[in-house]
Amino acid sequence: MALSGMRGLSVFISDIRNCPNKDQERLRVDKELGNIRTRFKNEKGLTPYEKKKYVWKMLYIYMLGYDVDFGHMEAVSLISAPKYPEKQVGYIVTSSLLNENHDFLRLAINTVRNDIIGRNETFQCLALTMVGNIGGREFAESLAADVQKLLISSSCRPLVRKKAALCLLRLYRKNPDVVNIDGWVDRMAQLLDERDIGVLTSSMSLLVALVSNNHEAYWSCLPKCVKVLERLARNQDIPQEYTYYGIPSPWLQVKAMRALQYFPTIEDPNCRRSLFEVLQRILMGTDVVKNVNKNNAAHAVLFEALALVMHLDAEKEMMSQCVALLGKFIAVREPNIRYLGLENMTRMLMVTDVQDSIKRHQAQIITSLKDPDISIRRRALDLLYGMCDISNAKDIVEELLQYLSTADFAMREELSLKAAILAEKFAPDLSWYVDVILQLIDKAGDFVSDDIWFRVVQFVTNNEDLQPYAAAKAREYLDKPAIHETMVKVSAYLLGEFSHLLARRPGCSPKEIFIIIHEKLPTVSTSTIPILLSTYAKILMHTQPPDPELQNQIWAIFNKYESCIDAEIQQRAVEYFALSRKGAAVMDILAEMPKFPERQSALIKKAEVAEVDSADQSAIKLRAQQQTSNALVVTDQHSANGPPPTVPAVGPLTLVKVPSTSGNAEHTSEGQALTQPNGTLTKIDPQTPSEDLLGDLLGPLAIEGPPGAAVQPQQNAVSEVGGVPSAVDGAAIVPVGEYSNSVQPIGNINERFYALCLKDSGVLYEDPYIQIGIKAEWRAQHGHLVLFLGNKNTSPLDSVQALVLPPAHLKMELSLVPETIPPRAQVQCPLEVLNLRPSRDVAVLDFSYKFGECEASPSSSSEQISSAYISVCRRVLSSMEISFRPPLKLQEVVRGVRPLPLAEMANLFNSFRLMICPGLDPNPNNLVASTTFYSESTRAMLCLIRIETDPADRTQLRMTVASGDPMLTFELKEFMKEQLVSIPTAPHGPTAPPTPPVAQVAQPTSPVKALTDPGAMLAAEWSFEDFGLVTRKKSVNGSFLVLVMDGQSLASFRPNNKAEPNK
Amino acid sequence: MLLSCRWFSIEYWYLDSNQQRIWSFPVSKIVAIVHSGSTNCKKKIHFVLLISRQGKVRLTKWYSPYSQKERTKVIRELSGVILSRGPKLCNFVEWRGYKVVYKRYASLYFCMCIDQDDNELEVLEIIHHYVEILDRYFGSVCELDLIFNFHKAYYILDELLIAGELQESSKKTVARLIAAQDSLVESAKEQASSISNIIAQATK
């Protein structure tokens, strides 16, 4: 034993050990630190030995948890000492005290480089070790080439080369862009022929890193890995010192198998055969032995072999062998093996066809859920979660619930979330689902996140059959003496909404329900009180005829909270109080909540997001995560306009909008209230509600959204009048700054969008890496869209994510988008759309991907999913007897219109599937079109449009729109206005025929530009052709002229003239 | 470069957020991610920790960049988790999305932190391998040896692991290299003392 004692150091350590308490220790340490400081200051008198001793003392003090920053410099300076003992201490202490981000390290780079390229082998080793442990970017830049040379140098001894291999590995891992690995394929192959196991082990680690980045380049290393594995498995030519408890270097075996897992398959039949022989031997030849270390080492190899077998998706026989082995493992007593058995069985779930054989072990796995070891319990939970499907969901979830009451706190949240997800995913019937969630809240209220109870509320609201059951259940739980606050929230909510369904049952009169809920009020926090207030308001509303006593009680409560310091509570109290005095009118306002739009469970999203977090916390995912948290709460994508949803249940509170029917102004508000059915108390904000959402999410791209409607017309008007080319538009609106660090799209997204409004297929978005195309087919209110994601590169696009954010009126379902798009491949993703009601809001496609090593560039592209079917029906005109009055018929004078010859306007209308009906109007300057609009709410609805133009001033026109639905009329009118004002086609020279202006048109504001208009002439011709029709129509409808149109979301219409079903 | 930056931020994220991770991810997912090559910044061993039963730190070695503050936090948290585990449990603890493989030898806990999908048993045997080498060097090693000769423990660890990867699996080779280092230090010392003797003699 060669213990070169440093007496000073030993004395110091003894002193520390003799300190009776922490204070004494601190005193002793402070004294020592003071001493070291002064010694370092007067460096002159310091011998190398003393310097070394003080640096060691510093490391020791550092390990005790004290700050020794002042000494970093001394440690680093020892590196440049000329003698080995000091240099050694310098290197080791530096690499223990500092990490790669410390600036001091830069001071040492030159010395380190000199040591590496110098002839002194021991210095080389010291330098390589330190760089390998804490080398950062600057080291990679200045040293990588030298280290590579050492690794392949034939004059270097193995002890240097193995360190060089790992040093290079570190530099490459940290900065793959700096380390030049061109031509390394052959060198790696050579290194794998190495005889020295130490060098081979290090080289194999390096290979794993290289292969994991780019397996294609390293094909030639594959057979070599197999050979190494064979050599080890057969124990050929392995020196005794490299066997570990009789097993030839288990570590190297594991590494070789790890490297093989990065190659997708093994094509060479010989290679494959010999590999499978080895694997078979490992799988069969590993027995449980007494010696712990031998057992561990053998099983380390075995589990790696299992992973490789799974990866290669070997023959069925071998797979079932693996499952059998794992089944054996999860039942053994040895905890490590049991743990790994469960873990690997979870991995095994990914392999098809073995689920059934895994299910056979269900009972054993459930036993492991009760294991004393939390690590094992976690694995068991994970496995149960993974293997759950419709057939065993009931058993597993009930088992989880049972376990919940005894589970340790560290696991409860995970457990309850998983149980909730499984219950939702695989519920055989919905009442069971409600039972499970309520039990969850009851047993582990603290660990049930809000998402879980939001979800159950959503379910119950959307399923009428479930409502009485859920309300009755909630009522039962309220009888319990002490219930969790979350239970108070959920039962108060459910009873507020649905308690009237229980009215006949005993103990469920409004009064009784009020009393039992009110009992809980003193026990809850401020976040729950608003929910209770809503419940009271609803109970009050449902009490018909009013019960004066109850009314007084509740009013007293509202009164009490009117001065509450919490703004939310105060607002509710005041408003409910006022509302509840309105008597029967309250019925409309406080009616039952509308159904929630169907969407992916936020729980599952949360789980997915959390999973992704582990590997990749990119901005886009963070964003998605933030969004989910809102998504569940708020039924619609409003928000920023109203108060932030601090109390999530604000949503449900909302008053149902008041149907308004008179006048144009009212209409505007209705249209907006509709898109925002969930804001707070009928606050109608003049801004379009989705503006914020789009703005937040898409930044520059939001221009396609409704705000465009507000902004664009003016802009266009300005640019047109001033004669500015229309290309400016896009640029003017896009905040350029937002683009700076993302990928530049090719072409103007805005223009592409508009083009797509007129076509059924085309390119939606394009940048240097990807092209997104779209193709649409419409049948009544159902749309079938296909997104074509094309990778334009020779390397795959990773982390592809697409998220469609549908506006309230569209129901959209995007099929799964693959995570990776292979090089030069195109992936098709179907997207199903259902139009619910008319609106101009567009859907947004939030799309992101990662390309190669460049940063994840979330290039979100907005996208229209427009919808419109217009089946033109002339025959419909016969139904014109219905008299249209506002709000069914709206008329407006539109100014600032892009001047357009009539024929072109007619074409435009046709491309929106607004069928022009020539000849209906005797005035050749007028256009009449008709269409049928399909949506869930309106079904097929006939729409008529008439445009009266002023030949003298083409920048203005009068538009009359009529349909059977006020909202549709309004939306259609707005849509047409938008389109006419801002069509992005190249402006034609404004021309006008010399015909006299139509009477109603407002005074022209610009001079007459030209005297002939071929379009108008053409239109005149048409009208004469169809003159008979016109006269007939006129007789039906008086002077009003008609255009029939269809178009569902009016967001944009697509043409499909040839496929037009003439219904 | 970007990738490595991303990697740092992930580490920060794990260490900074106060909330304990509640998730243990289905491992299957992780495997899929690894194989699709999106997390290619994997490391073998993130750090090595020797803690005594009383929670005193006997050795720390960090292969991933942790700031001083983070280091302290990690040590505090992990000693809480590991020291409280009873005997006869498995040697793996899931912690903040990582796994810590630990083994107790007498009064000392040897801990190594690895990624979720690394081979746990392999690392467990690295620990034992290290202990065997220490044992051979000190001759039946005990905690006191490692307290008073902690620098030796560092030397030996550096011969065993670099960049969190195993560099040498032969005990004999490691022993030989350490012996060579020792003799280098010894001879330098003798040289120094002989020179100073000469000087002392000469100046007498």
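From a predicted model like this one, the values you see are computed outputs, not experimental measurements. (Residues numbered from 1 in each chain as written. Chains lettered and ligands numbered in written order. Predicted model: local features only at pLDDT ≥ 70, side-chain atom pairs only at ≥ 80, totals over all residues. Heavy atoms only, no water.)

This part covers the overall build of chain A. Looking only at helices and strands, chain A features 43 helices and 15 strands. Accessible surface, chain A as shown: approximately 41,800 Å² in total, 54% of it carbon and sulfur. (Helix = DSSP H or I, 4+ residues; strand = E, 2+ residues; numbered from the N terminus. Areas by Shrake-Rupley, 256 points an atom, 1.4 Å probe, with all protein chains shown as cover.)

In this section: the overall build of chain B. In terms of helices and strands, chain B carries seven helices and seven strands. Sequence separation of at least 24 residues holds for 53% of the intrachain contacts in chain B that already meet a minimum separation of 6. As displayed, chain B has an accessible area near 7,400 Å², and 59% of this comes from carbon and sulfur atoms. (Contact = heavy atoms within 4.5 Å.)

This brings us to the confidence of the model for chain B. Residue and element names in this part refer to chain B. Per-chain confidence: chain B averages 76 in pLDDT, with 74% of residues scoring 70 or above. For chain B, helix 1 (residues 2-16) is the element with the lowest average pLDDT, namely 27, and strand 5 (residues 108-115) is the one with the highest, namely 93. Note on residues 1-41: pLDDT under 50 across the span, and 108 contacts to partners over four residues away in sequence or across chains. Among the prediction metrics, the complex's ipTM stands at 0.79, with pTM recorded as 0.59. (pLDDT = per-residue confidence, 0-100.)

Evaluated as defined, the whole model comprises 25 aromatic pairs over all chains. Ring centres of Phe150 of chain B and Tyr154 of chain B lie 6.5 Å apart, and the angle between their planes is 80 degrees; on these two criteria the pair is classed as edge-to-face. Placement of both Phe150 of chain B and Tyr154 of chain B in helix 6 (residues 150-160) is noted, with a separation of four residues, approximately one turn of the helix. In this structure, Phe150 of chain B and Tyr154 of chain B share a single accessibility class: buried. Note that Arg37 of chain A overlies the ring of Phe70 of chain A, its terminal NZ or CZ placed 4.4 Å from the centroid. For Arg187 of chain A, the ring lying beneath its charged end belongs to Trp184 of chain A, and the centroid distance is 5.6 Å. (Phe/Tyr/Trp six-rings, centres within 6.5 Å; stacked < 30°, edge-to-face > 60°. Buried < 20%, exposed > 50% of the residue type's maximum accessible area, 1.4 Å probe, protein only. Lys NZ or Arg CZ within 6 Å of the ring centre and 35° of its normal.)

Here is the key point about a regular strand: its side chains alternate between the two faces of the sheet. All names here are of chain A. With ten of twelve residues buried, strand 14 (residues 939-950) is to be regarded as a mostly interior element. With nine bridges connecting them, strand 13 (residues 926-935) and strand 14 associate as antiparallel partners. Paired with Thr931 across the two strands is Cys943, which belongs to strand 14. Here strand 14 runs beside strand 15 (residues 953-963); their pairing, made up of seven bridges, is antiparallel. Residue pairing across strands places Thr949 opposite Leu957, the latter belonging to strand 15. Taking the residues between adjacent antiparallel strands as the criterion, strand 14 and strand 15 are bridged by two residues. (Pairing = 2+ DSSP bridges.)

Okay, a nonpolar patch on the surface next. Residues and elements named next belong to chain A. A cluster of nonpolar side chains, Met73, Phe104 and Leu107, forms an exposed patch at the surface whose accessible area comes to about 260 Å². Structurally, the position occupied by Phe104 is in helix 6 (residues 104-117). Owing to a relative accessible area of 30%, Phe104 belongs among the partly exposed residues under this scheme. (Patch = residues over 30% accessible without salt bridge, like charges linked within 9 Å, V, L, I, M, F, W, Y side chains within 5 Å. Salt bridge = Lys/Arg side-chain N within 4 Å of Asp/Glu carboxyl O.)

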